[in-house]
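What follows is each chain in one-letter form.
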Amino acid sequence: MKKFFLSFAFAILAIASAFAGNETLQVATADFWGIETAPESGKGVDLTTADESTLEVTQGDVTLSLDKAGATTNFRLWNQGGTLQFRTYKNSTMTIEAGGENITAINIVGTGFATSFTANAGELTSSASEANWTGSATSVVITTAVNAKIFSIEVVYGGSTPVVTVATPVINGTTPFEDETEVTISCSTSGASIYYTLDGSDPSNQSTEYTGAFDLNATTTVKAIAYLDGTASSIATKEFVAKQVANVANVAEFNALADGTEFKFTGRLVVSAQTGKYLYAQDATGGMLLFGDAPAYSSQDVIPAGFKGTKTTFKGAPEATGMTGMEAATETQEIEAKVLKVTEVANNPFIAAVIENVLIDTDAKTFVTDDGEVAYYDRFKVEFPTDGEFYTVAGVTGYYDVPQFMPLAFEKVEPAQAKIIGVSIKGQEVEMEEGVEFAFLDLTEAFTAEDVFVTTMNADDCTVVVDVIDGWLDATNDYTVQISLLDKAGEIVDRFDVFVTVTTEDPITGINDINAASANVVKMIENGQVVIVKGDKKFNVAGQTVK
């Protein structure tokens, strides 16, 4: 360590002031540091070096010891535009002593150090240009928190014997915690002994002595006190709260949890699909969305039981977030996608599902069937068909303020040919030409003009016979056939919807209802193929949308 003393004349003055218990260290001068020539403007002199990282200067009764410590830059005397500054740098320390006398105050004057210093004892407050320490100690260690520029350090000392103070212990550990947490207790007063309690009572030196870290597995209040030479510190208190985690064995139990509940999934959960932070899984009781970081899974992987998370509701649907303890899959289980009508999607969220006989309305972003429609969302970034044909869609159901379907794959369905082979109105039957497959029926050969322009019809007046060529129209389902009456010029003079029951075994006669203003979405036969009418839109077999 470098050591030097100021000149004899300066020392005499310092001794005189020492009797008054006050010493001001003019650290922003070349003389204080024993430097013959002050540095030029914009330059500095290193007071410490890599080889000699400590320095001690004594003025009168006061000794200032510098320790570069963890700082990467040496202490310096710097000329800033003609003004000398003593510069300290982050993590360096200054120790101030007064020959064993009790130090009661230290005043540091400088610039740019509102929060630049911490001290090992007493109290230290700072402004932009001044730091003031008060207390009672024979040795004060001041650590530079950030770089500081100092002009002078005033030390007030002498008087009564230093009062022994013991720092309040610090209790560390995680709270709230899962399962258990490790607790440590420390005290910054060297040589102090620490005692603690776990039952909420105030500790003393008769309580359990702290000798090392310990674990807690239940909600506990830890109190600690430190003693040195019979002097006690203030009592430190910290409550450690054990999280209440709900065990759920299946998706139904998870859905029943209140929002904000932390859970542990103990059952068997099978992956239906995953993309990014979206993980869809299911069991026999329903489907589940787990949002967040998770291992990479494949469809039909079984997620190992025991992972934890928090139940939330997002956009109207239950969701698991903040998962921990998720492990890679070690087994698989086959999932059978559930065949749903679009009206059933809302009650079956987050499961692997199939919707049959779908037309894609890209304008409204919906899948349209004769049962209605459901919004779709391209979560998995698949390629959508653009030919306007019918498809069976496999994917995952969802909910985002409204029910939605997220497709994974499309399988084209070839619509079956269907034809009207006979129609009778008011008991008069008209046989269609064999092999003709169209639904625009020219009935003018059999009826007068008055008969064609009928305005009222009922089930007793009309019979429709539908011959179905296999495949797309399922047996025992109800369908709507739209029949158009043409005049001799081929112009439509009337159109109405006929609700019929279809079987693939025998042609069915009989009409359940006739209604010119049918449901929002109906099937119809046009040019020999079944198509869909949705509101005021008609999707024809060429994939075109016409009013």
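Computed from a prediction, not measured in an experiment: that's the story for all the values here. (Residues numbered from 1 in each chain as written. Predicted model: local features only at pLDDT ≥ 70, side-chain atom pairs only at ≥ 80, totals over all residues. Heavy atoms only, no water.)

Colleague: Any chance you could explain the packing of aromatic side chains here in plain terms?
Modeller: To describe a pair of aromatic rings, one takes the distance between the centres and the angle between the planes. The final tally for this structure, using the stated rule, is 20 aromatic pairs. Seen in terms of ring centroids, Phe75 and Phe86 are 5.9 Å apart; in terms of plane orientation they differ by 15°. Their pairing is stacked. Note that Phe75 is positioned in the loop between β5 (62–67) and β6 (76–80) and Phe86 in strand β7 (residues 83–88), a separation of 11 residues in sequence. Overall, Phe75 belongs to the buried group, its relative accessible area being 1%. (Phe/Tyr/Trp six-rings, centres within 6.5 Å; stacked < 30°, edge-to-face > 60°. Helix = DSSP H or I, 4+ residues; strand = E, 2+ residues; numbered from the N terminus. Buried < 20%, exposed > 50% of the residue type's maximum accessible area, 1.4 Å probe, protein only.)

Colleague: Just checking my understanding: could you explain the nonpolar core for this structure?
Modeller: Within soluble globular proteins, side chains that are nonpolar tend to cluster in buried spots. Counting 34 residues, the largest nonpolar core has Trp33, Leu64, Met94, Ile108 and Ile153 as its most contacted members. Residue assignment for this core shows that the elements contributing at least two residues are β4 (54–59), β5, β7, β8 (93–97), β9 (103–111), β12 (130–137), β13 (139–144) and β14 (148–157). Per element, the largest residue contribution to this core is 5 residues, and it comes from β14. Look past the residues within four positions of Leu64 in its chain and what remains in contact with it is Leu25, Val27, Phe32, Trp33, Leu55, Glu56, Val57, Met94, Thr95, Ile96 and Ile153. (Core = buried A, V, L, I, M, F, W, Y, C linked by side-chain atoms within 4.5 Å. Contact = heavy atoms within 4.5 Å.)

Colleague: When you look at the sheet that holds strand β19 (residues 214–216) in this model, what are you seeing that I'm missing?
Modeller: Adjacent strands of a sheet form backbone hydrogen bonds with each other and so pair up, either parallel or antiparallel. Read across the sheet, 3 strands follow the order β15-β16-β19 without closing on themselves; strand pairing throughout is antiparallel. Two strands in the sheet have a free side with no partner beyond their single neighbour: β15 (170–172) and β19. The mean inter-strand angle of the sheet, taken between neighbouring strand axes irrespective of direction, is 30°. In this sheet, β19 lies alongside strand β16 (residues 181–186) in antiparallel orientation, the contact comprising 3 bridges. When the sheet's bridge partners are listed, Thr181 is paired in β19 with Leu216. (Pairing = 2+ DSSP bridges. Axes fitted to C-alpha atoms, helices over the stretch in contact; angles between N-to-C directions.)

Colleague: What am I meant to see in the confidence of the model for the protein here?
Modeller: Where the model shows low pLDDT, its predicted coordinates should not be examined in detail. With 70% of its residues at a pLDDT of at least 70, the protein reaches an overall mean of 76. Confidence drops under a pLDDT of 50 for residues 4–20, and excluding neighbours within four residues, the segment shows 21 contacts in the predicted structure. Overall, residues 484–494 carries pLDDT values under 50, and its contacts beyond four positions in sequence, including any with other chains, amount to 31 contacts. (pLDDT = per-residue confidence, 0-100.)

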